[in-house]
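Reading the structure
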Amino acid sequence: MLKRFPSRKLAAYAIILTTVSFLLPLFFSGFEIDNVLRLFKSNSYGFNSALLRTISFALISSIFTVAGGLCLALFFSNISLKSKLGKNFTYFLLPITFGTTALVFIFKVLLFNSAFFNEVIQGGSLTQTFLLILIQFWQYGFLFAYLFWLNIQNTPHRINEFSIAVGTTRFEKIRDVILPHSRNLFILLLFISFIFAFYEDTKSQLILRASQGTDTELISHWLYRTYQSNLLINPEYASNSVFTHGLIVFFVAMLFILVLGLLVLLSFRVISRTRSIDGKKSSSKTSLFSRSFGIISIAIILVPVLIALVKSSYSIAENISSITFPFAITLIASFSATTLAVAFGISSRLTFTKMLSDFNTKSLLYFLAIFLIQMVPPLFIILSGFKWLSWVGYKSDFIIYIIWLIGHCVLTLPLLGSFIMAIHFSVREHELDYLRAYKIPFEDILKYSFMTRFKVQYALTLIFAFTFIWNDAGLNMVLSDNIPSFVSNLQMLLIGRAADYSQATSFVLVAIVMSLTCVLIWRYIISKSPLSEVK
């Protein structure tokens, strides 16, 4: 029996089961289908409007962000990784490593009382949504462009030489080389971008003050506002209402992600069959336009940060030293989350050798299973976490630390694990079949087919893990009374009666130092990797 159901398959299913089991409180909250039907018919408290507005924003924002990132990468495709400009593209990591709360500070300082911002606010929901999409692109679009660009740089050198030798046009090279090589990454980033946009709340609230009255409220804020209102009636009623609405939102998000994935698969298939058009021959030379556009892109990232720092007043926050302990345990959590993601990615690849060799209809469903917990509204995750805590019990700081560590590992697994699985697509099915046929020891497969081969990508995953955990506004906020966090301290200085932007600046400076450190570490890693030899 064990031979037919290997331990690595048990590991893969166990992690999926762990993810799904977190949703169990949903089924203890009096969910009734009649309440759902009544909700849609009556547009209760503007639920339908907020949901439709969120769907529209998430679709437009995710497509624009990912497609825009790919277009930027195509502009930079002839810029070498080892060139000076190519090395400076590591600054594309800065916006994502800042974290959303620090980003909010930068744009509030940058836009506050400006004529442009006043015009945006007065322009109504359309202009505010457009600005939010641009900010969303600033935070994620440049990262996606960098990932696409690295992926293009990793194209086998012989393929690039062959395309130049046979005189392929730029369109043919994009259609036959770059797009097929980027398809899996495109789908993965589209999933991630859609989820981030679908549950966007912090930027829309703290920068634009989105509300139901201005037709700018998104579903995350609607759920939070409704929950706060229902708490005045009855806590149990408030929780039941959130779980009912949360399940609807969850299934809507899952449906649209599935549809998006299928449409992208179809679109790439159509593009691959598109007839060639006359155009310029592909070349390995770097155009002046590409270099200029690359410099402008870096400036777009750095200039807003510099202007915000210049406009800010400075005061050392009294509790700035409180983040030293959170920094230490964040490092531990980052290594733990990365280890879990890598183990899960390797286990999945070795178990489902055929299904996870590429993005297809079957692997799409597998990725959806992994993303289940990310498709749940953040407020529902928080309330589910409290429900689990009430069941498990927590009476000591040690238990709180363990819960915090396990919680971050589980919550980051969909993002980190899916990134690892997409990377492992390059481990071909015939390669694994060959290794098994010749009974190569598992330790050697692990070392040479995964650990040595993808060590650079695993290092980038570790940076992402640290960024997500350090800047998390969910679990860190919930347990902030027991474990001080960078995000909770910064948010307290940005909103409410205790708001103090001069002290908040000191935390933002910490965020900038952290971001620059991540960039420098990544630049060092990439300079020592085989990728830096790609021309």
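Preceding block: the structure.
Residues numbered from 1 in each chain as written. Predicted model: local features only at pLDDT ≥ 70, side-chain atom pairs only at ≥ 80, totals over all residues. Heavy atoms only, no water.

**Brief notes about the overall build of the protein chain**
Which entries qualify depends on this criterion: Only DSSP runs of H or I reaching four residues or more are called helices, and only runs of E reaching two or more are called strands; each is numbered from the N terminus. Should any heavy atoms of two residues lie within 4.5 Å, those residues are considered in contact. Each accessible area is a Shrake-Rupley estimate made with a 1.4 Å probe; only the visible protein chains count as cover when residues are assessed.
Secondary structure summary: the protein chain contains 24 helices and zero strands in total. Taking contacts inside the protein chain between residues at least 6 apart in sequence as the whole, the part at least 24 apart equals 85%. When the accessible surface of the protein chain is split by element, carbon and sulfur atoms take 66% of a total near 25,300 Å².

**Observations concerning the environment of Ser 182**
Structurally, Ser 182 can be placed in helix 10 (residues 170-198). With 31 residues separating them in the primary sequence, Ser 182 and Asn 151 have C-alpha atoms 6.8 Å apart. Excluding its chain neighbours within four sequence positions, the residues that come into contact with Ser 182 are Leu 70, Phe 148, Asn 151 and Ile 152.

**Quick look at unusual backbone geometry**
To be explicit about the condition: Think of it in three bands: residues with accessible area under 20% of the maximum for their type are buried, residues over 50% are exposed, and the middle band is partly exposed, with areas taken using a 1.4 Å probe on protein chains only.
The backbone of Arg 209 shows a phi angle near 55°, a positive value even though the residue is not glycine. We classify Arg 209 as exposed; its relative accessible area is 56%. Despite not being glycine, Lys 439 has its phi angle at roughly 55°, a positive value. Within the fold, Lys 439 resides in the loop between helix 19 (429-437) and helix 20 (442-451). Accessibility expressed as a relative area gives 72% for Lys 439, which makes it exposed.

**Digging into the side chain of Ser 502**
For Ser 502, the position within the fold is in helix 24 (residues 501-527). Those residues in contact with Ser 502 that lie beyond four places of it in its chain are Ser 313, Tyr 314 and Ser 315.

**Concerning the pattern of salt bridges**
The criterion, for reference: For salt bridges, the criterion is a side-chain nitrogen of Lys or Arg within 4 Å of an Asp or Glu carboxyl oxygen.
Tallying each qualifying case throughout the model produces five salt bridges. In this structure, Asp 215 engages Arg 53 in a salt bridge whose closest nitrogen and oxygen atoms are separated by 3.8 Å. Taken together, the residues span a long stretch of sequence, with Asp 215 in the loop between helix 11 (202-206) and helix 12 (219-231) and Arg 53 in helix 3 (residues 47-75) at a distance of 162 residues. We note a salt bridge from Glu 431 to Arg 453, for which the minimum N-O separation is 2.9 Å. Highlighted residues: Glu 431 in helix 19 and Arg 453 in the loop between helix 20 and helix 21 (455-470), separated in sequence by 22 residues. The class for Arg 453 is partly exposed, based on a relative accessible area of 34%.

**A few points about the nonpolar core**
The line we're drawing: Note on terminology: a nonpolar core comprises buried Ala, Val, Leu, Ile, Met, Phe, Trp, Tyr and Cys residues joined through side-chain atoms within 4.5 Å.
By size, the foremost hydrophobic cluster in this structure holds 166 residues, and its most contacted members are Phe 198 and Met 375. If we skip the residues at most four places from it in the chain, Met 375 touches Ile 195, Tyr 199, Phe 250, Ala 253, Met 254, Ile 257 and Leu 368.

**Here we look at the environment of Val 410**
Note on placement: Val 410 falls in helix 18 (residues 397-423). Between the C-alpha atom of Val 410 and that of Ala 337, which follows or precedes it by 73 residues, the distance is 7.8 Å.

**As for the packing of helix 6 (residues 100-111) against helix 24**
Our working definition: Fitting a line to C-alpha atoms yields each axis, with helices limited to the stretch in contact; the angle taken between N-to-C directions then spans 0 to 180 degrees. In what follows, roughly perpendicular refers to angles from 65 to 115 degrees, roughly parallel to angles under 35, roughly antiparallel to angles over 145, and oblique to any angle outside these ranges. Rotating anticlockwise by less than a right angle from the far helix to the near helix defines a left-handed crossing, while the corresponding clockwise rotation defines a right-handed one.
Contact geometry for helix 6 and helix 24: axes closest at 10 Å, N-to-C directions at 125°. Classified by the angle between their axes, helix 6 and helix 24 sit oblique to one another. Judged by the twist between their axes, the crossing of helix 6 over helix 24 is left-handed. Of the residues in helix 24, those in contact with Ala 102, Phe 105, Lys 108 and Val 109 of helix 6 are Tyr 501, Ala 504, Thr 505, Val 508 and Ala 511.

**Quick look at the environment of Leu 479**
Positionally, Leu 479 belongs in the loop between helix 22 (475-478) and helix 23 (486-494). For the pair Leu 479 and Tyr 401, spaced 78 residues apart in sequence, the C-alpha to C-alpha distance is 9.3 Å. Other than its neighbours up to four places away in sequence, Leu 479 contacts Ile 400 and Trp 404.

**Things to note about the packing of helix 16 (residues 361-370) against helix 18**
The description of two helices packed together rests on the angle between their axes and the distance between the axes. This is how it is decided: Note on residue categories: nonpolar means Ala, Val, Leu, Ile, Met, Phe, Trp, Tyr, Cys or Pro, charged means Asp, Glu, Lys or Arg, and polar means any other residue, Gly included.
Between helix 16 and helix 18, the shortest axis-to-axis distance is 9 Å and the interhelical angle comes to 155°. Looking at the two axes, helix 16 sits roughly antiparallel to helix 18. Taken together, the residues of helix 18 that come into contact with helix 16 (itself represented by Tyr 366, Phe 367 and Ile 370) are Leu 413, Pro 414, Ser 418, Met 421 and Ala 422. When the residues that make up the contact of helix 16 with helix 18 are grouped by side-chain class, the tally is seven nonpolar, one polar and no charged.

**Here's the deal with the packing of aromatic side chains**
For clarity, the threshold we go by: For this analysis, a ring pair means two rings from Phe, Tyr or Trp (six-membered ring only for Trp) whose centres lie within 6.5 Å, classed as stacked if their planes differ by under 30 degrees, edge-to-face if by over 60, and tilted for the remaining angles.
Throughout the structure, instances matching the rule amount to 38 aromatic pairs. Between the aromatic rings of Phe 64 and Phe 137, the centroid separation amounts to 5.4 Å while the plane-to-plane angle is 50°, which identifies the pairing as tilted. Highlighted residues: Phe 64 in helix 3 and Phe 137 in helix 8 (residues 125-153), separated in sequence by 73 residues. When the centroid spacing of 6.2 Å and the interplanar angle of 85° are considered together, the rings of Phe 191 and Phe 371 count as edge-to-face. Taken as a pair, Phe 191 in helix 10 and Phe 371 in the loop between helix 16 and helix 17 (378-392) lie far apart in primary sequence, 180 residues in all. Of the two residues, Phe 191 and Phe 371, neither departs from the other in class, the shared state being buried.

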